[in-house]
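# Remarks on the overall topology
This is what each chain is made of:
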Amino acid sequence: MDQATRAHQGRSFNVVAAEYERGRPGWPTTMVDRLATVLDLPASATVLDLGAGTGKLTRVLVGRFARVVAVEPLPAMRSQLVAQVPQAEVYEGSAERIPLPDGSVDAVFVADAFHWFDWPAALAEIARVTGPAGRLVLLWHGADGPWEPALPESVRERIRHAAAQYPPGGVVVEGGEWRQAFTGSAFGPLVEESVPYEFVTDREGVIANLLSLSTVARLPEAEREALQAELATLPETTYRRKLPIRLYWTRKRGVPTQPGHRPDEPASPQWCDRCGGGLAEADHTACQAARAWEPPRFCPYCRRRMKVQVLPAGWRASCVAHGETRAG
């Protein structure tokens, strides 16, 4: 999905703002508290919720930080945001044109929205509005399995039909092309984590959730109404879905992530990522041969043990200081 298509689809939420507010999941306060600790963000910090939507994350941020600014381009979404989170400073603007002065915020949070941005332009703007110790946090709700109880096959088929015409944002997130924008940017390597999360809602909530999907919002009005009619037959019960949170964070280059560590240094690997031995101290030919068949174990920049996930499409290895590498 090219940038123009992504931007167009991102604007589709303006027609489903009420459904978005009613049906989309929130964010756990414990996750924001932990981020504040990891990123050294005091309660007195000024933070920006960029592409804030109806304020799903904004309402959590205002409970943690002294000054919270929210920027949202779509008027209907912004109206919901103002109504739901009156404590925040709300501005019309976009990721590519943030209406804030240079260096005016300590951190920028982007929740379920970065995939719609023009990534290089957005990162340049985020770097501009953050101070020398600027932090950036990207959050997405994933999907791990279907709704429980299961939705009728007729409803699932309509959702699949919509997704075939207008690929959902999750495809862009999983594709990973957005990561390339960080190369050469003002920000260091991304650190990735996964946070378990279960979304629990009622019948009206699951109906609103499905109608708020960008793929559905872009359907012709007649098709949206047909889906809404089918959804009206859902039984009254509690609905659940596992939506693990994919969390990424980074800082501006040259800012320590841990005592004595700069995320942009050293410039080249110093350690064998299989055995952890120094590259200059021994011959690691055997390790290199083994690595053709297995994921790394150690960060080649700092020798920390990496968190490794072996997936059907390859592997993913993360260092708490130097971010993620993957194969597949």
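In short, a report on the structure. (Residues numbered from 1 in each chain as written. Predicted model: local features only at pLDDT ≥ 70, side-chain atom pairs only at ≥ 80, totals over all residues. Heavy atoms only, no water.)

On to the overall build of the protein chain, then. Within the protein chain, the secondary structure is distributed over 12 helices and 12 strands. Taken over C-alpha atoms, the radius of gyration comes to 21 Å for the protein chain, in line with the 20 Å a tight globule of 328 residues would show. Along the first, second and third principal axes, the C-alpha atoms of the protein chain reach 70 × 45 × 35 Å. Expressed as a percentage of the 328 residues in the protein chain, the buried residues total 49%. Sequence-distant contacts in the protein chain: of pairs separated by 6 or more residues, those separated by 24 or more amount to 72%. (Helix = DSSP H or I, 4+ residues; strand = E, 2+ residues; numbered from the N terminus. Rg over C-alpha atoms; globule rule 2.2 N^0.38 Å. Buried < 20%, exposed > 50% of the residue type's maximum accessible area, 1.4 Å probe, protein only. Contact = heavy atoms within 4.5 Å.)

Of all hydrophobic cores here, the largest spans 30 residues; its most connected members are L48, L50, F114 and W178. For this core, the secondary structure elements donating two or more residues are β1 (46-50), β2 (67-72), β4 (105-111), α6 (119-129), β5 (130-141) and α8 (169-175). At 6 residues, α6 tops the list of elements feeding residues into this core. Not counting chain neighbours up to four residues away, the residues in contact with L50 comprise V71, S94, A95, I98, V108, F109, V110, A113, F117 and I126. Counting residues in each nonpolar core, the second largest holds 29 residues, with W27, V47, L61 and I245 among its members. (Core = buried A, V, L, I, M, F, W, Y, C linked by side-chain atoms within 4.5 Å.)

Attention now goes to the packing of aromatic side chains. Summed over the entire model, instances satisfying the criterion amount to 11 aromatic pairs. Consider the rings of F13 and W116, whose centres lie 6.0 Å apart with planes at 70 degrees: the pair is edge-to-face. Of this pair, F13 sits in the loop between α1 (3-10) and α2 (17-23) while W116 sits in the loop between β4 and α6, and the two are 103 residues apart along the sequence. No difference in accessibility class separates F13 from W116, as the two residues are buried. Here W140 and W178 contribute two aromatic rings whose centre-to-centre distance is 4.9 Å and whose plane-to-plane angle is 50 degrees, an arrangement assigned as tilted. Of this pair, W140 sits in strand β5 while W178 is found in the loop between α8 and β6 (191-195), placing the two residues 38 residues apart along the sequence. As far as burial versus exposure is concerned, W140 and W178 are alike and both buried. (Phe/Tyr/Trp six-rings, centres within 6.5 Å; stacked < 30°, edge-to-face > 60°.)

Our focus in this paragraph is helix α7 (residues 153-165). Its 13 residues give α7 an end-to-end C-alpha distance of 19 Å, which sits within 8% of 18 Å, the value for a rise of 1.5 Å per residue. Of all the positions in α7, only V155, I159 and A162 are classed as buried. Projected down its long axis, α7 carries its buried residues within an arc of 60 degrees, all on one side. The inward-facing, buried residues of α7 abut α9 (203-211), α10 (214-217) and α11 (221-231). (Expected span 1.5 Å × (residues − 1). Arc of directions from axis to C-beta.)

Within the secondary structure, E72 is located in strand β2. Although E72 is buried, it makes no salt bridge; R78 carries the closest opposite charge, 6.0 Å away. Other than its neighbours up to four places away in sequence, E72 contacts G51, A52, G53, M77, R78, L81, Y91, E92 and G93. (Lys, Arg positive; Asp, Glu negative; His and termini not counted. Salt bridge = Lys/Arg side-chain N within 4 Å of Asp/Glu carboxyl O.)

Take the side chain of S214 next. Here S214 shows up in helix α10. With near-sequence residues (within four places) excluded, S214 lies in contact with Q9, S12, F13, R24, W116, P168 and G169.

Once that is clear, we can look at the packing of α7 against α11. For the pair α7 and α11, the least separation of the axes is 10 Å and the interaxial angle reads 155 degrees. For the element pair α7 / α11, the angle class is roughly antiparallel. The element α7 and its partner α11 pack so that their crossing is left-handed. Listed contacts from α11 to S154, V155, R158, I159, H161 and Q165 of α7 are E223, A226, L227, E230 and L231. (Axes fitted to C-alpha atoms, helices over the stretch in contact; angles between N-to-C directions. Parallel < 35°, antiparallel > 145°, perpendicular 65-115°, else oblique. Left-handed = near helix turned anticlockwise from the far one by under 90°.)

Taken N-terminus to C-terminus, the directions of α9 and α11 make an angle of 160 degrees; their axes are 10 Å apart at the nearest point. For the element pair α9 / α11, the angle class is roughly antiparallel. Here the hand of the crossing between α9 and α11 comes out right-handed. In this structure, α9 uses R203, I207, L210 and L211 to contact α11, whose residues at the interface are R224, L227, Q228 and L231. When its residues are assigned to classes, the contact of α9 with α11 shows 5 nonpolar, 1 polar and 2 charged. (Nonpolar A, V, L, I, M, F, W, Y, C, P; charged D, E, K, R; others polar.)

Let us look at helix α3 (residues 29-38). Those residues of α3 that sit buried are M31, V32, L35 and A36. Taken end-on, α3 shows its buried residues confined to a sector of 140 degrees, consistent with a single buried face. Across α3 from its buried face, at more than 90 degrees, point the exposed residues T30 and T37. Check the buried side of α3 and you find it contacts α4 (58-61), β4, β5, β6 and β9 (245-251). Positioned one or two residues after α3, D40 has a phi angle of 55 degrees, which is positive.

So, to be careful, I would describe these as geometric facts and stop short of saying anything about function.
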